[in-house]
Amino acid sequence: KAGDSVTFIMEHEHLSFPESLRYLANKYNIEIAEEAPSPEMLESQSIRESLFSVTEFANKFYVDQLWNQDEGKAIGLSYFRERGFTYEIINRFQLGYAPDRWDGLTKAALEAGFKIEFLEKAGLTIVQEQKQYDRFRGRVIFPIHALTGRPIAFGARILKTDPKSPKYLNSPETDIYFKSKSLYGIAFAKKSIIAKDVCFLVEGYTDVVSLHQAGIEN
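A few points on the structure. The structure displayed is predicted, hence computed values, not measured ones.

1. A few points about the sheet that holds strand β1 (residues 96-98)
(1) Moving on: The four strands are arranged β1-β4-β5-β6 in an open sheet whose pairing can be described as antiparallel. Of all the strands in the sheet, the pair left with one neighbour each is β1 and β6 (168-170). Averaged over neighbouring strand pairs, the angle between their axes works out to 35° when direction is ignored.
(2) Moving on: Sheet topology note: the strand β4 (residues 139-145)/strand β5 (residues 151-158) ladder contains seven bridges and is antiparallel. In the strand pairing of β5, Ile141 is matched with Ala156.

2. Section: the environment of Gln69
(1) Moving on: Tracing the sequence through the fold places Gln69 in the loop between α3 (39-68) and α4 (70-82).
(2) Moving on: Exposure remark for Gln69: the relative accessible area of 32% places this residue in the partly exposed category.
(3) Moving on: In this structure, the C-alpha to C-alpha distance between Gln69 and Pro99, residues 30 residues apart in sequence, is 9.1 Å.
(4) Moving on: One polar contact links Gln69 to Asp64, side chain to side chain, over a distance of 3.5 Å.

3. Here we look at the pattern of salt bridges
Note on pairing: side chains with opposite charge can pair once their charged atoms come close.
(1) Moving on: This model, assessed by the stated rule, comprises five salt bridges.
(2) Moving on: One salt bridge connects Arg92 with Glu217, and the closest N-O pair in it is separated by 3.4 Å. Of this pair, Arg92 sits in helix α5 (residues 87-92) while Glu217 sits in the segment after α9 (205-213), and the two are 125 residues apart along the sequence.
(3) Moving on: Given a relative accessible area of 27%, Arg92 falls into the partly exposed group.
(4) Moving on: In this structure Glu217 comes out as partly exposed when scored by relative accessible area, which is 30%.
(5) Moving on: The closest approach of N and O atoms between Asp100 and Lys160, which form a salt bridge, is 3.2 Å. Of this pair, Asp100 sits in the loop between β1 and α6 (104-111) while Lys160 sits in the loop between β5 and β6, and the two are 60 residues apart along the sequence.
(6) Moving on: When its relative accessible area of 44% is taken as the criterion, Asp100 is described as partly exposed.
(7) Moving on: Salt bridges linked by common partners bring Glu49, Glu56 and Arg150 together as one network.

4. Section: the pairing of β5
(1) Moving on: Most of β5 is tucked away, with eight of its eight residues classed as buried.
(2) Moving on: The hairpin formed by β4 and β5 contains five residues between the paired strands, and Gly149 there has a positive phi angle of roughly 100°.
(3) Moving on: The pairing of β5 with β6 spans three bridges and is classified as antiparallel. The residue of β6 that forms the bridge with Gly155 is Asn170.

Conventions and cut-offs
- Residues numbered from 1 in each chain as written.
- Predicted model: local features only at pLDDT ≥ 70, side-chain atom pairs only at ≥ 80, totals over all residues.
- Heavy atoms only, no water.
- Pairing = 2+ DSSP bridges.
- Helix = DSSP H or I, 4+ residues; strand = E, 2+ residues; numbered from the N terminus.
- Axes fitted to C-alpha atoms, helices over the stretch in contact; angles between N-to-C directions.
- Buried < 20%, exposed > 50% of the residue type's maximum accessible area, 1.4 Å probe, protein only.
- Polar contact = N/O pair within 3.5 Å; in protein donor to acceptor, adjacent residues only side chain to side chain.
- Salt bridge = Lys/Arg side-chain N within 4 Å of Asp/Glu carboxyl O.

And the structure:
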């Protein structure tokens, strides 16, 4: 099919022309000149990028907890294995585990230099008066990705019986996550959907992961 690298990215990643240019420039460390944005645009871009950064940090934190920490391996990884998930599919979907502590993620993020305001804006930390604590605790984590593959939010399933806590807890809407415009698993399914020109919609996170593991990727 004819076309250049930009049109390829536009079709392959379903991005606009400017987004495709930025995608390629970022990938190959190319500086691109743009018109001077307004202060409002700069602030908006800064907030969005800060949210992307803190969400990516959280995603890596939850994955590390699942694979490398005793609690995560004993509880989270065991749960996924009991559901029949292979190590390969757990890795592919970047499934993770939130430790059963009040401030596991919050403390790690603050120590890494992230600001509490962005942890709160991203829906990762709840701030109440003098208290700040993790939204997700003692749950297995299903990261929700944008079409480009960047993590933008999380779904979390509790593993213990607690009538006071919902079975599933999801990120609130943020400047980078809009529930009505987001579909779990779309980043992993888009190529197959385009190739087969059909998309199957299923109910839950584990349904999506299970079908992909069975080879049904659209």
